[in-house]
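# An overview of the molecular structure
Chain by chain, the residues run as shown.
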Amino acid sequence: MSTDRDTTRIVRSWLRTDEHESADRVLDAVLDRLDTIPQRRITWWPARRFPEMNQAVRIALASAAVVAVALVGISFFTGQVGSPNLGGGLQSTPTPSPTPSPTSYLITNGEGVRVTLALPDGWVRGGWVVNNGGNMRTSLTAIQVWAVTGNSYTDPCHWTETELDPPLGPTVDDLVTALENQLTREATTSDVTLDGYTGKLVKMTVPTDAVFTDCDSGEFRSWDGRYHQGPGQQDDVYIVDVEGFRLVIDTLSYPGSSAADLEKLQQMLDTIQIEPPA
Amino acid sequence: MDTDLVVRAQRGDKEAYAILATEIADRFLAVSRRILRDIDLAEDATQQALLSIWQDLPQLRDPARFDAWSYRLLVRACYAEGRKQRRWAPNLRLLPADEPTAADGYSSVVDRDQLETGFRRLSIDQRAVVVMHHYLDMPLDRVADTLGIPVGTVNSRLHYAMRGLRAALDADARSTTQEAAR
């Protein structure tokens, strides 16, 4: 068994190998763009925060964080989906449809689990999230597909020092237990089946009195990468075992979400198609 | 860092910024590559950080704190790129092990493979602390200042990160021993 000192020496040696990186190419690209990128003028007060508009980007990135979800193709809701485009599918655009039939998304998580979702009329794809475009703190209704590969926390507000130790395991029950045990909020768990795959449904809510600005980095987190958008946000987290792979579908809403949007959310879940890794 | 350059760049002097960027770019790429373990992601993170520095420089209140401030932007960029990395993680190949450094008996290919695997299991938070402390030789209080987190958090992240890396090395040692015993 190695000692702490051995480990430190090995790590330091390893980090110091291959120090021949040249950033010339990056530098050229940056300097070429300076003329087109204005500086942000001094706005020391109030403290810089993400504007509301950027929340859409943030939520998209958040799902990308742990999810390892890649949007790989879009096709019409005809039962067929586009071929996976693992190399460059992130910027896929919908194929113009001759009829107003709803589109569907083929999403695959990094472990090869493929999920097909029907896109309701009027809903949008924001990165790796399908959502209603609602207000981030009052009416956002969305569905996200995750492969939770990072850690979780005992305290979703003070998460920097409450990472699980040992880290979150890979099973459905590992994640269920982690969410059930998180401080400051209630979670209720039930059995669930999603497109024939069994697992657990964890219903949980961000406390309405949560003050995000008091949380670490201003984020209230359920797991690594999943930070919530506002107090009162409700999450129905479907955690199913797809032939040994943990698939997480997080549907989120607010009390202010409309009945119509909640119905569309349910329709997506009802028609979801899950394929195990090939 | 030359604070005059920083001040000039804050005022929109592109030439001054170009000098600043040239001074830090290679180092930024080295740091981001070590955090992200992928040269393409590291280049993207470095580019994003350099652009963010240019954009936000006027908001830096104390030019003398340019180094810490700019590293913080780099780590943020690494977080963003790390998310992409996670999305693709199962498709990523392990980087080929570098040639061992002749003078360093610890740098075996096996250790490198194990470290690569163990390091990839760490969160970006933990990787950033490891790289800043063990690669950039920053004291822990400076790491905390740079990342804007308490020293206790830095200690905690470093502790768990090193424990994970040690476990990766020990796991390999155990498997080697077991194979030898067969």
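The present account deals with the structure reproduced in this document. The model shown is predicted, which means the values in this text are computed figures rather than measured ones. (Residues numbered from 1 in each chain as written. Chains lettered and ligands numbered in written order. Predicted model: local features only at pLDDT ≥ 70, side-chain atom pairs only at ≥ 80, totals over all residues. Heavy atoms only, no water.)

### Examining the pattern of salt bridges
Residue and element names in this part refer to chain A. Under the definition given, this model contains 14 salt bridges over all chains. Here R221 ties to D224 by a salt bridge, and the two come within 3.5 Å at their closest N and O atoms. A relative accessible area of 8% means that R221 is categorised as buried. Salt bridges here are not isolated pairs; linked through shared partners, they connect E219, R221 and D224. (Salt bridge = Lys/Arg side-chain N within 4 Å of Asp/Glu carboxyl O. Buried < 20%, exposed > 50% of the residue type's maximum accessible area, 1.4 Å probe, protein only.)

### Things to note about the side chain of H228 of chain A
All names here are of chain A. Here H228 lies in the loop between β10 (226-227) and β11 (234-242). Classification of H228 as buried rests on a relative accessible area of 4%. A distance of 2.6 Å separates polar atoms of two side chains, one belonging to H228 and the other to S222. Beyond its immediate chain neighbours, meaning those up to four positions away, H228 contacts R185, V206, F212, F220, R221, S222, Q233 and D235. (Helix = DSSP H or I, 4+ residues; strand = E, 2+ residues; numbered from the N terminus. Polar contact = N/O pair within 3.5 Å; in protein donor to acceptor, adjacent residues only side chain to side chain. Contact = heavy atoms within 4.5 Å.)

### Regarding the environment of Q48 of chain B
When you line up the elements, Q48 of chain B lands in helix α3 (residues 39-56). Distance in space between the C-alpha atoms of Q48 of chain B and A77 of chain B is 6.2 Å, their sequence separation being 29 residues.

### What to know about the packing of aromatic side chains
All told, the structure shown has seven aromatic pairs over all chains when counted by the stated rule. For the ring pair W14 of chain A and F119 of chain B, a centre distance of 5.2 Å and an interplane angle of 65° mean the geometry is edge-to-face. Remark: F119 of chain B occurs in helix α5 (residues 109-121) and W14 of chain A occurs in helix α1 (residues 4-15); the pair is interchain, linking two chains. Taking the relative accessible area as the measure of exposure, F119 of chain B reaches 0% and is therefore buried. Pairing F212 of chain A with F220 of chain A gives two aromatic rings, centres 5.7 Å apart and planes at 10°, and the pair type is stacked. Judged by relative accessible area, which is 7%, F212 of chain A ranks as buried. Classification of F220 of chain A by relative accessible area gives buried; the value is 2%. Residue placement shows R221 of chain A over the ring face of W159 of chain A; its charged tip is 3.6 Å from the ring centre. Sitting above the plane of the F119 of chain B ring, R37 of chain B keeps its charged end 5.7 Å from the centroid. (Phe/Tyr/Trp six-rings, centres within 6.5 Å; stacked < 30°, edge-to-face > 60°. Lys NZ or Arg CZ within 6 Å of the ring centre and 35° of its normal.)

### Quick notes on unusual backbone geometry
Most of the time, phi is negative for any residue but glycine, and the peptide bond is trans. Residues and elements named next belong to chain A. Geometrically, the link from D165 to P166 is a cis peptide bond, its omega value of 5° lying close to zero. Among the structural elements, P166 can be located in the loop between β6 (142-146) and α4 (172-180). Its identity is not glycine, yet E243 carries a phi of approximately 50°, on the positive side. On the secondary structure map, E243 appears in the loop between β11 and β12 (245-253). We classify E243 as exposed; its relative accessible area is 54%.

### Structural notes on the state of the cysteines
Note on terminology: disulfide describes a covalent bond linking the sulfur atoms of two cysteines. Residue and element names in this part refer to chain A. A complete count under the given rule lists one disulfide over all chains for this structure. Disulfide pairing places C157 opposite C215 at an S-S distance of 2.1 Å. Sign of the S-S torsion, about -105° for the bond between C157 and C215, identifies this disulfide as left-handed. Residue C157 is found in the loop between β6 and α4, and its partner C215 is found in the loop between β8 (197-205) and β9 (221-223); the two are separated by 58 residues along the sequence. (Disulfide = S-S within 2.5 Å.)

### What to know about the environment of E23 of chain B
All names here are of chain B. Position of E23 relative to the elements: it lies in helix α2 (residues 14-36). For E23, a relative accessible area of 43% puts it in the partly exposed group. Linking E23 and M1, residues 22 residues apart in sequence, is a C-alpha distance of 8.8 Å. Excluding anything up to four places from it in sequence, E23 contacts M1 and L5.

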